[in-house]
Amino acid sequence: MQPFSGTRNSIAMTEAAWETNKKFYPDEFDTVELLAQWVITPGDIYSGTDTPIITLEDFQSRKMWALPGPLANIAKELGAGVVATPAVRSNEVIANGVVDSHMGLNGDGLKAFQVLPYTKSVTRVSRPVYTTTFSFFVNADKWAEISPEDQEAIRAISQASVGKVAAGLWDSVSEEVQATFDEQGILEHKIDPALEAALVKAAEPITEAWLAKASEAGIDGPAALAHYRKRAAELSE
């Protein structure tokens with residue numbers, strides 16, 4: 001979930017995340033049995049007015065909905081007025097005109113939370129600002145009740161049948177929604193490099209804080225993050 005670490009290929013990111021987990025922190029939790037993980041399609045920056053968000057000045061002039069955590073912190077760092085709520089509450093903020101822009105929803109989110117009618121343009125960043133990871137796990141006590149043979153059989157298919165399939169479904173839905181942008185009058189723009197550089201700079205404290213927590217937990221954070229970024233890029237080619 002580190003900013004500017006992912007790609008636009010969810011299956012590739014999912015493979016990279018699973019590899020990184022197994023290589024660098026396989027025993028982080030002992031109360032659950034982790035069976036699968038997947039990374040979902042990244043979101044973009046959207047304007048709810050006829051003026052797109054392309055430059056740093058555009059971004060700073062906005063009142064913006066963003067997911068709590070890294071995205072909200074990045075937007076605040078750059079000077080935007082931020083309303084942060086869980087994604088399931090994005091519609092009430094965006095549809096009611098509390099904000100004039102939003103950041104973080106992918107195609108699936110735009111459709112599921114019914115914010116497409118309030119979206120006039122999308123700004124693409126060359127590297128996704130943020131990606132979200134989900135985990136599928138079983139209570140350790142319940143897992144222990146399953147025979148070793150069945151445990152192994154479940155492990156053998158979980159990441160491929162749950163993780164990769166889930167990632168692929170997110171991408172396919174997002175692609176379907178994005179294919180309707182033209183008919184819905186949603187214009188696409190490329191980000192000004194200066195704004196992207198400012199976003200990257202604003203994200204640095206988030207990564208630094210995670211690296212510090214990783215170190216406290218005895219994890220080689222720099223190596224894990226570098227491995228994930230490298231593998232996500234390679235697998236996306």
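Nothing here was measured: the structure is a model prediction, and the numbers come from that model. (Residues numbered from 1 in each chain as written. Predicted model: local features only at pLDDT ≥ 70, side-chain atom pairs only at ≥ 80, totals over all residues. Heavy atoms only, no water.)

### Some details on the overall build of the protein
Thought 1: When helices and strands are tallied, the protein shows nine helices and eight strands.
Thought 2: For the protein, the C-alpha radius of gyration of 19 Å lies close to 18 Å, the compact-globule estimate for 237 residues.
Thought 3: In terms of overall dimensions, the protein has a C-alpha envelope of 60 × 35 × 35 Å along the principal axes.
Thought 4: For the protein, the proportion of its 237 residues judged to be buried stands at 42%.
Thought 5: Considering only contacts in the protein between residues 6 or more positions apart, those separated by 24 or more positions represent 76%.
Thought 6: Carbon together with sulfur atoms contributes 54% to the accessible area of the protein, which is approximately 11800 Å² in total. (Helix = DSSP H or I, 4+ residues; strand = E, 2+ residues; numbered from the N terminus. Rg over C-alpha atoms; globule rule 2.2 N^0.38 Å. Buried < 20%, exposed > 50% of the residue type's maximum accessible area, 1.4 Å probe, protein only. Contact = heavy atoms within 4.5 Å. Areas by Shrake-Rupley, 256 points an atom, 1.4 Å probe, with all protein chains shown as cover.)

### With respect to the pattern of salt bridges
Pairing is possible between side chains that carry opposite charge, provided their charged atoms lie close to one another.
Thought 1: Evaluated as defined, the whole model comprises 13 salt bridges.
Thought 2: With a shortest N-O distance of 2.9 Å, arginine 231 and glutamate 19 are connected by a salt bridge. In this pair, arginine 231 is assigned in helix H9 (residues 221-236) and glutamate 19 in helix H1 (residues 10-24), connecting sequence segments 212 residues apart.
Thought 3: Judged by relative accessible area, glutamate 19 falls into the partly exposed class, the value being 28%.
Thought 4: Through salt bridges that share partners, Arg8, Asp44, Arg124 and Glu188 make up one connected network. (Salt bridge = Lys/Arg side-chain N within 4 Å of Asp/Glu carboxyl O.)

### Thoughts on H9
Thought 1: Helix length check: H9, at 16 residues, gives a terminal C-alpha distance of 22 Å against a target of 22 Å (1.5 Å per residue), a fit within 8%.
Thought 2: Among all positions of H9, only Gly221, Ala224, Leu225, His227, Tyr228 and Ala232 are buried. Angularly, the buried residues of H9 cover 160° about the axis, an arc narrow enough to put them on a single face. Opposite the buried face of H9, by more than 90 degrees, sit the exposed residues Pro222 and Lys230. (Expected span 1.5 Å × (residues − 1). Arc of directions from axis to C-beta.)

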